[in-house]
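Read off the chains here:
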Amino acid sequence: MRDELEFKKRALLVGVDTGEEDDFETSMEELANLAKACDMEVVGVITQRLEAIHKALYIGKGKVAETKEFARDTEADVVIFDNAESMSKFVLVCRSAVG
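Residues numbered from 1 in each chain as written. Predicted model: local features only at pLDDT ≥ 70, side-chain atom pairs only at ≥ 80, totals over all residues. Heavy atoms only, no water.

### Let's talk about helix α1 (residues 24-37)
Consideration 1: Between its first and last C-alpha atoms α1 spans 20 Å; for 14 residues at 1.5 Å apiece the expected length is 20 Å, and the two agree.
Consideration 2: Taken together, the buried positions of α1 are F24, S27, M28, L31, A32 and A35. Axial view of α1: buried residues confined to an arc of 140 degrees, hence all on one face. With respect to the buried face of α1, the exposed residues turned more than 90 degrees away are E25, E29, K36 and A37.
Consideration 3: Just downstream of α1, D39 is the residue with a positive phi angle, here 60 degrees. (Helix = DSSP H or I, 4+ residues; strand = E, 2+ residues; numbered from the N terminus. Expected span 1.5 Å × (residues − 1). Buried < 20%, exposed > 50% of the residue type's maximum accessible area, 1.4 Å probe, protein only. Arc of directions from axis to C-beta.)

### Some words on unusual backbone geometry
Consideration 1: Backbone geometry at Y58 places phi at a positive 75 degrees, although glycine is not the residue there.
Consideration 2: Of note, E75 is a non-glycine position whose phi angle comes to about 55 degrees, a positive value.
Consideration 3: On the secondary structure map, E75 appears in the loop between α2 (61-74) and β3 (78-82).
Consideration 4: In this structure E75 comes out as partly exposed when scored by relative accessible area, which is 30%.

### Concerning the environment of E66
Consideration 1: Tracing the chain through its elements places E66 in helix α2.
Consideration 2: The sequence separation of E66 and I46 amounts to 20 residues, and the corresponding C-alpha distance is 8.6 Å.
Consideration 3: Polar contacts involving the side chain of E66 include one to the side chain of K63, which spans 3.2 Å. (Polar contact = N/O pair within 3.5 Å; in protein donor to acceptor, adjacent residues only side chain to side chain.)

### Section: the sheet that holds strand β1 (residues 9-17)
Consideration 1: Read across the sheet, three strands follow the order β2-β1-β3 without closing on themselves; strand pairing throughout is parallel. The open sheet has two edge strands with one neighbour each: β2 (40-49) and β3. On average, each strand axis in the sheet is tilted by 25 degrees relative to the strand beside it, whichever way the strands run.
Consideration 2: Bridge count between β1 and β3: five bridges; the pairing is parallel. The residue bridging L13 from the neighbouring strand is I80, located in β3.
Consideration 3: Across the sheet, α2 is in contact with β1, β2 and β3; its angle to β2 comes to roughly 165 degrees. (Pairing = 2+ DSSP bridges. Axes fitted to C-alpha atoms, helices over the stretch in contact; angles between N-to-C directions. Contact = heavy atoms within 4.5 Å.)

Geometry only, nothing functional implied.
Okay, structure coming up:
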C-alpha cells in the first residue's frame, strides 16, 4: 500500500501503433511528458500494434486484461490513452490531478 503522504497521481500510459503515425515512440514520449507536466508519476507504458483502433475498447481484449492487471499491480490512479481524439479527456484528467 502506498504512503498516504504521497501526492502525485500515478499514471499508466497506453498507446496503439497502427503504423499511420510517423513516429509512434515520440508520441508516447510526449504523452509521458504531458503526464509529468501535470505532476503525475508515470508507472508504466503499455503499447499494442494493431491495424486499426478497436472501436469499442481502443485496445484488444487481451491488452485490456493486461492493462487492468498492470494498473492494479502498480497502484496506478489513472490510465491515459494516447489518442488524439481523446486529448480533451486527458486535459480533464490533468486538471483533476492538479486541483
